[in-house]
Amino acid sequence: MIQSDTEYTNPEGLHVGMIMDGNGRWAAARGQPRLFGHRRGAKVVTEMVETAPALGIGTLTLYAFSSDNWKRPAREVSGLMRLFRSYLASETARCVENGVRLCIIGRRDRLSPALIHAIQAAEQTTRAGKRLLLRIAIDYSARDSIVAAARCAGECFPGSREEFGALIARVTNSPVVPEVDLLIRTGGEQRLSDFLLWECAYAELAFPDCMWPEMDARRLGRVIEDFHSRERRFGGLAHTAAAS
Ligand code: FPP
């Protein structure tokens, strides 16, 4: 179902996206099954959420399960789904305490009734959170969301880019969010993997040299510091060039 959330004001601050890659390899390097890495990865999620507001992040969008991840072995998929449920069950109260609004973006029709119930409960319980909007992408595909928004828009869409972006947010069950400022991918790969393709049009990209289970507050702090040293021109000119 599409949420209608016109009253919502997005928290101030950066929008940071994270592709949490490398759990499986981190676990394999320790002779452990892939789910061991995912469980460790869930702990890192908690650390990122706790650290984000102090680093000036107002919206955090995490890629937890892509629509292509259904191709993985059933055991890994069901383990991840269980992990999402237990994360929602254990973290909702902490989110309320810390002013974090939780929102799960992506398709819902292929999730189990128990997970959908947990998502609805977490979203409802945390809806007043104003310090951080935490969006977790589950069964998410950026291309599918763009196609769904285009279908809603119809043949002769008279709206602006911003209005089309708002439609994309709506079809993924999200409040309207600003575009992504910074996209972080761990795990050594440098690709987008169908994540936030529209929202990342002018995102800065960062690839910290670690697997997701090794990501921590210190590394995030360094990435944010580096982000602030960059000059974002959005297709314009550098300040110095524009003045001359
Ligand atoms: C990609 O790395 C990671 C995933 C498909 C799952 C991400 C899930 C988590 C970080 C844990 C739970 C999240 C929440 C929100 C509770 P990979 O496992 O494919 O790594 P690999 O490339 O080393 O195989």
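Residues numbered from 1 in each chain as written. Predicted model: local features only at pLDDT ≥ 70, side-chain atom pairs only at ≥ 80, totals over all residues. Heavy atoms only, no water.

1. Considerations on the pairing of strand β1 (residues 14-19)
Within β1, 6 of the 6 residues are buried, which leaves it mostly tucked inside the rest of the structure. Residues Leu14, Val16 and Met18 line one face of β1 and the alternating positions His15, Gly17 and Ile19 line the opposite face, and both faces are buried. Alignment of β1 against strand β2 (residues 57-66), held across 6 bridges, turns out to be parallel. Of the residues in β2, the one forming a bridge with Met18 is Leu62. Two strands pair when backbone bridges link them, and β1 and strand β5 (residues 182-185) are joined in this way by 4 bridges, in the parallel orientation. Within β5, the residue paired with Val16 across the bridge is Leu182. (Buried < 20%, exposed > 50% of the residue type's maximum accessible area, 1.4 Å probe, protein only. Helix = DSSP H or I, 4+ residues; strand = E, 2+ residues; numbered from the N terminus. Pairing = 2+ DSSP bridges.)

2. Focus on the site of the ligand
As a matter of local geometry, the ligand sits amid 17 residues, with Asp21, Arg25, Arg34, His38 and Arg72 nearest to it. A distance of 3.0 Å is found between an oxygen atom of the ligand and a side-chain nitrogen or oxygen belonging to Asp21. Against a free-state accessible area of 620 Å², the protein chains account for coverage of 92% of the ligand. Of the residues that constitute the shell around the ligand, the class distribution is 8 nonpolar, 5 polar and 4 charged. (Near = heavy atom within 4 Å. Polar contact = N/O pair within 3.5 Å; in protein donor to acceptor, adjacent residues only side chain to side chain. Areas by Shrake-Rupley, 256 points an atom, 1.4 Å probe, with all protein chains shown as cover. Nonpolar A, V, L, I, M, F, W, Y, C, P; charged D, E, K, R; others polar.)

3. Side note on helix α6 (residues 161-171)
Along α6, the residues that are buried comprise Phe164, Gly165, Leu167, Ile168, Ala169 and Val171. Those residues of α6 that are buried are in contact with α5 (142-153). One or two steps after α6, the chain reaches Asn173, where phi turns positive at roughly 65°. (Contact = heavy atoms within 4.5 Å.)

4. Here we look at unusual backbone geometry
In this structure, Ser193 is a non-glycine residue whose phi angle is positive, near 50°. Examined against the element boundaries, Ser193 turns out to sit in the loop between β5 and β6 (204-206). On the basis of relative accessibility, which here comes to 32%, the residue Ser193 falls in the partly exposed class. Of note, the phi angle at Phe234 is positive, near 50°, even though the residue is not glycine. Note on Phe234: relative accessible area 45%, which makes it partly exposed.

5. Observations concerning the sheet that holds β5
Spatial strand order, β3-β4-β2-β1-β5-β6: 6 strands in an open sheet with parallel pairing. At either margin of the open sheet sits one strand with a lone partner, and together these are β3 (100-105) and β6. Averaged over neighbouring strand pairs, the angle between their axes works out to 20° when direction is ignored. Here helix α2 (residues 34-51) sits on the sheet and contacts β1, β2, β3 and β4 (132-140); the angle it forms with β2, its principal contact strand, is near 165°. (Axes fitted to C-alpha atoms, helices over the stretch in contact; angles between N-to-C directions.)

6. Some remarks on the packing of aromatic side chains
Taken as a whole, this structure holds 9 aromatic pairs when the rule is applied. Relative to Phe36, the ring of Trp26 lies with its centre 5.7 Å away and its plane at 10°, an arrangement referred to as stacked. One end of the pair, Trp26, is in helix α1 (residues 23-28); the other, Phe36, is in helix α2, with 10 residues separating them in the sequence. Residue Trp26 is classed as buried on the basis of its relative accessible area of 10%. Phe36 sits in the partly exposed class, given a relative accessible area of 31%. Aromatic pair Tyr202 and Phe234: ring centres 5.5 Å apart, planes at 55°, arrangement tilted. Within this pair, whereas Tyr202 is found in the loop between β5 and β6, its partner Phe234 is found in the loop between α7 (217-228) and α8 (239-243), the two being separated by 32 residues in sequence. Overall, Tyr202 belongs to the partly exposed group, its relative accessible area being 41%. Of the aromatic side chains, those joined through ring pairs into one cluster are Tyr63, Tyr140 and Phe195. (Phe/Tyr/Trp six-rings, centres within 6.5 Å; stacked < 30°, edge-to-face > 60°.)

7. Describing α5
Between its first and last C-alpha atoms α5 spans 16 Å; for 12 residues at 1.5 Å apiece the expected length is 16 Å, and the two agree. Of the residues making up α5, those classed as buried are Ala142, Ser145, Ala149 and Ala153. Down the axis, α5 shows its buried residues gathered within 75° of arc, on one side only. Opposite the buried face of α5, by more than 90 degrees, sit the exposed residues Arg143 and Arg151. The inward-facing, buried residues of α5 abut β4 and α6. Looking at the residues trailing α5, positive phi occurs at Gly154, about 80°. (Expected span 1.5 Å × (residues − 1). Arc of directions from axis to C-beta.)

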